[in-house]
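Residue-level structural notes
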Amino acid sequence: MRACASFVLDAAQRPQVRGEVDEIARTLIAWGDDPGAFVRQALGVTPEPWQAEILALVARGEKRIAIRSGHGVGKTALEAWLVLWFGMTREGAKIPATAPTAHQLNDLLWGEIAKWRGALADRLPELAGEISIKTDRVEFLPWRSTAFARTSRLGQSEALQGFHAENLLFVIDDAIRNPRS
Ligand SMILES: Nc1ncnc2c1ncn2[C@@H]1O[C@H](COP(=O)(O)OP(=O)(O)OP(=O)(O)O)[C@@H](O)[C@H]1O
Ligand SMILES: [Mg+2]
């Protein structure tokens, strides 16, 4: 499958993982269509029912999903799970991620990505080691996928422009603010 071809090719060059390549490739193929299974099995977390519903919508191929909810319920964590899932199960994926402030992007969303990459490392260290988290991007090395951090305020869409790829996932954290809040 295209999504995993480059990972298998790269990994096969490395003696320490060669023996596990077939199994890992099979697992990634299965997860590619099932973000809920990825979250539970790769990250070891049980989604809340509403998070599981969103993951099911993504699995069904829903193109646009908006989440409106209270504070601290797990929106950013869900975004981080999807960033990791998309970057690891697609080849050459691009994942532009925006939030209104650098704090929301770097401290919160990137913080959640780091947290859940750590959870992945507990289960699949050989895969977690292939994900490089930098200030402004996350590189999924063997898959040649990248997540990009871009601050963007409501009404400014430049941060999301100019990205082209067959596999494209936009993550927009806190895009709509209640003007009275
Ligand atoms: N299903 C889950 N299981 C365990 N921990 C979770 C789960 N969902 C979220 N968390 C954790 O709960 C905390 C709060 O989640 P998160 O920051 O994603 O909420 P939020 O909805 O984005 O909050 P805010 O409204 O402040 O933006 C984080 O530490 C996150 O990792
Ligand atoms: Mg949040």
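The residue numbers shown here count from 1 along each chain, following its written sequence. To read the labels, note that chains go from A and ligands from 1, taken in the order they are written. Predicted model: local features are reported for residues with pLDDT of at least 70 only, side-chain atom pairs are reported and counted for 80 or more only, and whole-chain, interface and lining totals are derived from all residues.

**Structural notes on the site of ligand 1**
Here is the check we use: build the C-beta atom from the backbone, and if it is within 6 Å of the molecule or strand, call the residue near. By nearness alone, 14 residues border ligand 1, and H71, G74, K75, T76 and A77 come closest of all. Starting at the N terminus, helices and strands are each numbered in turn, a helix being any DSSP run of H or I of at least four residues and a strand any DSSP run of E of at least two. For the shell around ligand 1, the elements supplying multiple residues, two or more each, are helix 6 (75-89) and helix 7 (102-123). Here the shell around ligand 1 gets three residues from one element, more than from any other, and that element is helix 6. Each residue gets one label: Ala, Val, Leu, Ile, Met, Phe, Trp, Tyr, Cys and Pro are nonpolar, Asp, Glu, Lys and Arg are charged, and the others, such as Gly, are polar. Among the residues forming the shell around ligand 1, the class breakdown is four nonpolar, six polar and four charged.

**Regarding the confidence of the model for the protein**
Low pLDDT marks stretches whose predicted atomic positions should not be read closely. A residue's pLDDT is the predictor's confidence in that residue, given on a scale from 0 to 100. Looking at the protein as a whole, its pLDDT mean stands at 86, while 82% of the residues score no less than 70. Counted against residues more than four places away or in other chains, residues 1-6, with its pLDDT under 50, gives 16 contacts. By the convention adopted here, residues are in contact when the distance between their C-beta atoms, placed from the backbone, does not exceed 7 Å.

**A look at the sheet that holds strand 1 (residues 94-99)**
Pairing within the open sheet is mixed, and its five strands lie in the order 2-3-4-1-5. Bordering the open sheet on either side are strand 2 (131-133) and strand 5 (171-172), each of which pairs with just one other strand. Any two strands with at least two DSSP bridges between them are considered paired. Pairing of strand 3 (residues 137-140) with strand 4 (residues 145-151), which is carried by four bridges, proceeds in the antiparallel orientation. Bridged to E139 within strand 4 is T146.

**Concerning helix 6**
The periodicity of an α-helix, 3.6 residues per turn, causes residues three or four places apart in sequence to face the same way. A helix is expected to span 1.5 Å multiplied by its residue count minus one. Here helix 6 contains 15 residues, and its C-alpha end-to-end distance of 21 Å stays within 8% of the 21 Å for a straight helix at 1.5 Å per residue. Backbone-placed C-beta atoms define the burial measure: a residue is buried with 20 or more other C-beta atoms within 10 Å of its own, exposed with 12 or fewer, and partly exposed in between. Counting buried residues along helix 6, 15 of its 15 residues qualify, which places the element largely inside the surrounding structure.

**With respect to unusual backbone geometry**
Phi at R144 takes a positive value of approximately 55 degrees, unusual for a residue other than glycine. Turning to its location among the elements, R144 is positioned in the loop between strand 3 and strand 4. For R144, a count of 16 C-beta atoms within 10 Å translates into the label partly exposed.

**Thoughts on the nonpolar core**
Judged by nonpolar contacts, the single largest core of 37 residues is most densely connected at W81, L82 and V83. Of all the secondary structure elements, the ones that give two or more residues to this core are helix 3 (21-32), helix 4 (35-42), helix 5 (49-59), helix 6, strand 1, helix 7, strand 3 and strand 4. Among the elements that line this core, the one with the most residues is helix 6, at ten residues. With residues up to four places along the chain from it excluded, the contact list for L82 reads P35, V58, L169 and V171. Working definition: the nonpolar core is a set of buried Ala, Val, Leu, Ile, Met, Phe, Trp, Tyr and Cys residues, joined through C-beta atoms within 7 Å.

**Notes on the packing of helix 6 against helix 7**
Throughout, an axis means a line fitted to C-alpha atoms (over the contacting stretch in the case of helices), and angles, computed between N-to-C directions, take values from 0 to 180 degrees. Interaxial distance between helix 6 and helix 7 falls to 8 Å at its minimum, and their mutual angle equals 60 degrees. Classified by the angle between their axes, helix 6 and helix 7 sit oblique to one another. In the crossing of helix 6 with helix 7, the sense of the turn from one axis to the other is right-handed. The residues of helix 7 that touch helix 6, namely those facing T76, A77, E79, A80, W81, V83 and L84, are L108, L109, E112, I113, W116, R117 and L120. Roughly parallel means an angle under 35 degrees; roughly antiparallel means over 145; roughly perpendicular covers 65 to 115; every other angle is labelled oblique. The crossing is said to be left-handed when, going from far helix to near helix, the turn is anticlockwise and less than a right angle, and right-handed when the turn is clockwise.

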